[in-house]
Amino acid sequence: MLLELTQSPLALELKIANEGIVKLLEALTAEDADYQTAMSVWDHPGKPTKAGVDAVLALPRPEREELWRAVAADVAFDESFDQPDFAFAFHALDESTRRAGRQLLVSMYETVFSGGGFALPVDPKATRTTWELAFREANPSIRVCPACLLSNLEERIENRAAIDADHYLPRALYPTLSVHGLNLVPTCKTCNQTAKRQKNPLGSGDGAEPLGSIWFPYRQAGVEDLALGFQLRSANTETLVNFAGKPGAERQAELFDELFLLSTRWSRTLPSIHSRIVTQVLTYLKVHPDLASPLTEPAVADVLRTLGSMMEHELSNTPGEYVAGRYCAWLAETAAALSAFVTELEDTLARNRPS
């Protein structure tokens, strides 16, 4: 994620939910296992689908054992986060085992977490609703989507979910992490449902990049490692924002841009940001008329730096302020862009000057 996020106590305690899932899968490895005996070890109010349990029971016993061990290894992935050779065990299973396991594991989110929930010591139960409320309490200053910084994390209305619980590693590809606290992050619907969808944050293939090499939620915040580039607007310019990383973070930025399409999305917002900055600078000059007589590039650059600094301080609170702040800084520091901006201000002032 771009912003630094804090895991809530509830998200940390989802470890207990995953221990319950592993315990259930272990029970399903018994020679005489059936739905009723397996569910006797399940002590959470929400129940996985019988179809999911039956799909695992239909596997030969050795495959059930492989599935159990793979899930136990994968839900402990945070203990091996910084190991470059770490690989998710679920991906090494046979396709039939993965298919059956996916059916049961995905139901842990779609049926249990989004329904009756998991019993946890820190809360009466963990559900999709209590997770969202706990995240907001743990991150009171985060009011924008931590992936794109363009949209508000909308407030809940009549107890209805207002934000998407994004599985950063998609549950279709990583079903073992369906209810893992590190893998659940709030995003706007555009990020989750339109831009990211089922794309793998680790790149193409199964785990092409080490976990520690990406901006993983709650572990790494990318905004400090960004080196945004801008282009002067022209009829022939399509990409106005270049989403890039500072030295050493180039690959992280590339993967994140592929995931959330920020070069394209931020470029689309730049014309409106530019117009807003023109208005803000003109307003500032109206309050400080001495700076406009005559209008000089150094004076305008100082105004842009002041506005940009104020905007960047609001990056987690107000949508679009990060891009606007970086754009102000770029305008102030780029001779050709500053000159064109001052000319635009002069033309606007001339048009508005009484005849």
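As a reminder, the structure under discussion sits directly above these lines.
Residues numbered from 1 in each chain as written. Predicted model: local features only at pLDDT ≥ 70, side-chain atom pairs only at ≥ 80, totals over all residues. Heavy atoms only, no water.

1. Here's the deal with the overall build of the protein chain
- When you go through the protein chain residue by residue, the secondary structure sums to twelve helices and four strands.
- If one aligns the C-alpha atoms of the protein chain with their principal axes, the spans along those axes are about 90 × 40 × 30 Å.
- Relative to its 355 residues, the protein chain shows a buried fraction of 50%.
- Sequence separation of 24 or more characterises 70% of the internal contacts of the protein chain that already satisfy a separation of 6 or more.
- Entry remark: accessible area of the protein chain is about 16,500 Å², with carbon and sulfur atoms responsible for 50%.
- Between the centroid of the 33 positive side chains of the protein chain and the centroid of its 47 negative side chains there is a distance of 6 Å. (Helix = DSSP H or I, 4+ residues; strand = E, 2+ residues; numbered from the N terminus. Buried < 20%, exposed > 50% of the residue type's maximum accessible area, 1.4 Å probe, protein only. Contact = heavy atoms within 4.5 Å. Areas by Shrake-Rupley, 256 points an atom, 1.4 Å probe, with all protein chains shown as cover. Lys, Arg positive; Asp, Glu negative; His and termini not counted. Charge placed at Lys NZ, Arg CZ, Asp CG, Glu CD.)

2. Regarding the pairing of strand E1 (residues 164-167)
- Both faces of E1 are covered, namely the face carrying Asp 164 and Asp 166 and the face carrying Ala 165 and His 167.
- Pairing analysis gives four bridges linking E1 to strand E2 (residues 184-187), with the strands arranged antiparallel. By the bridge assignment, Asp 164 is partnered in E2 with Thr 187. (Pairing = 2+ DSSP bridges.)

3. So, the state of the cysteines
- Here the structure, examined in full by the defined rule, presents zero disulfides.
- Of all cysteine sulfurs, the one in Cys 191 lies closest to Cys 148, which takes part in no disulfide; the gap is 3.7 Å.
- Left without a disulfide partner, Cys 191 is nearest to the cysteine sulfur of Cys 188, which lies 3.6 Å away. (Disulfide = S-S within 2.5 Å.)

4. Observations regarding the packing of helix H10 (residues 297-312) against helix H12 (residues 335-352)
- Relative to each other, H10 and H12 sit at 95 degrees, their axes nearing to 10 Å. On the basis of their axis angle, the class for H10 and H12 is roughly perpendicular. Taking contact as the criterion, the partners of Glu 297, Val 300, Ala 301 and Leu 304 in H10 are, on H12, Leu 338, Ser 339, Phe 341, Val 342 and Leu 345.
- Tallied by class, the residues present in the contact of H10 with H12 amount to seven nonpolar, one polar and one charged. (Axes fitted to C-alpha atoms, helices over the stretch in contact; angles between N-to-C directions. Parallel < 35°, antiparallel > 145°, perpendicular 65-115°, else oblique. Nonpolar A, V, L, I, M, F, W, Y, C, P; charged D, E, K, R; others polar.)

5. So, the pattern of salt bridges
- Enumeration according to the criterion identifies 16 salt bridges in this entry.
- Notably, a salt bridge pairs Glu 132 with Arg 128, separated by 2.9 Å at the nearest N-O pair. Separated by four residues within a single helix, Glu 132 and Arg 128 lie in helix H6 (residues 128-138), roughly one turn from each other. Comparing Glu 132 with Arg 128, the two get one shared label, buried.
- Note that Arg 251 is salt-bridged to Glu 209, the shortest N-O span being 3.0 Å. With Arg 251 in helix H8 (residues 250-260) and Glu 209 in the loop between helix H7 (189-196) and strand E3 (229-230), the pair connects residues that are 42 residues apart, well separated along the chain. (Salt bridge = Lys/Arg side-chain N within 4 Å of Asp/Glu carboxyl O.)

6. Some points on H8
- For H8, the full list of buried residues reads Gln 252, Ala 253, Leu 255, Phe 256, Asp 257, Leu 259 and Phe 260.
- For H8, the elements touching its buried residues are E1, H7 and helix H9 (262-287).
- Residue Leu 261 follows H8 closely and has a positive phi angle near 55 degrees.

7. Considering the packing of H9 against H12
- Packing of H9 against H12 brings their axes to within 11 Å, and their N-to-C directions diverge by 65 degrees. As for the relative orientation of H9 and H12, their crossing is right-handed in sense. On H12, the residues that touch His 274, Ile 277, Val 278, Val 281 and Leu 282 of H9 are Phe 341, Glu 344, Leu 345, Thr 348 and Leu 349.
- For the contact of H9 with H12, the per-class residue count stands at seven nonpolar, two polar and one charged. (Left-handed = near helix turned anticlockwise from the far one by under 90°.)

8. Side note on the packing of aromatic side chains
- One pass over the structure, following the stated rule, counts 19 aromatic pairs.
- Ring geometry for Phe 88 and Tyr 174: centres 5.1 Å apart, planes at 70 degrees, overall edge-to-face. Of the two residues, Phe 88 is situated in the loop between helix H4 (61-74) and helix H5 (95-116) and Tyr 174 in the loop between E1 and E2; the sequence distance between them amounts to 86 residues. Each member of the pair, Phe 88 together with Tyr 174, is buried.
- Taken together, a centroid distance of 6.3 Å and an interplanar angle of 15 degrees make the contact between Phe 243 and Phe 256 stacked. Separated by 13 residues along the polypeptide, Phe 243 in the loop between strand E4 (241-242) and H8 and Phe 256 in helix H8 bring together distant segments of the chain.
- Here Phe 243 falls in the buried class, since its relative accessible area comes to 5%.
- Through pairs of rings, three or more aromatic residues link up here, namely Phe 77, Phe 81, Phe 86, Phe 88, Tyr 168, Tyr 174 and Phe 216.
- Taking NZ or CZ as reference, Lys 50 lies 5.5 Å from the ring centre of Tyr 35, over its face.
- Here the guanidinium or amino end of Arg 219 rests over the ring plane of Phe 81, the centre of that ring lying 4.0 Å away. (Phe/Tyr/Trp six-rings, centres within 6.5 Å; stacked < 30°, edge-to-face > 60°. Lys NZ or Arg CZ within 6 Å of the ring centre and 35° of its normal.)

9. Quick look at the nonpolar core
- By size, the foremost hydrophobic cluster in this structure holds 109 residues, and its most contacted members are Leu 2, Phe 243, Phe 256, Trp 266 and Leu 304.
- If near-sequence neighbours (up to four positions away) are discounted, Phe 243 is found in contact with Leu 2, Trp 215, Leu 226, Leu 228, Ala 253, Phe 256, Asp 257, Leu 262, Ser 263 and Trp 266. (Core = buried A, V, L, I, M, F, W, Y, C linked by side-chain atoms within 4.5 Å.)

10. Concerning the environment of Ser 339
- Considering the arrangement of structural elements, one finds Ser 339 in helix H12.
- Note: C-alpha distance between Ser 339 and Thr 296 (43 residues apart in sequence) is 9.4 Å.

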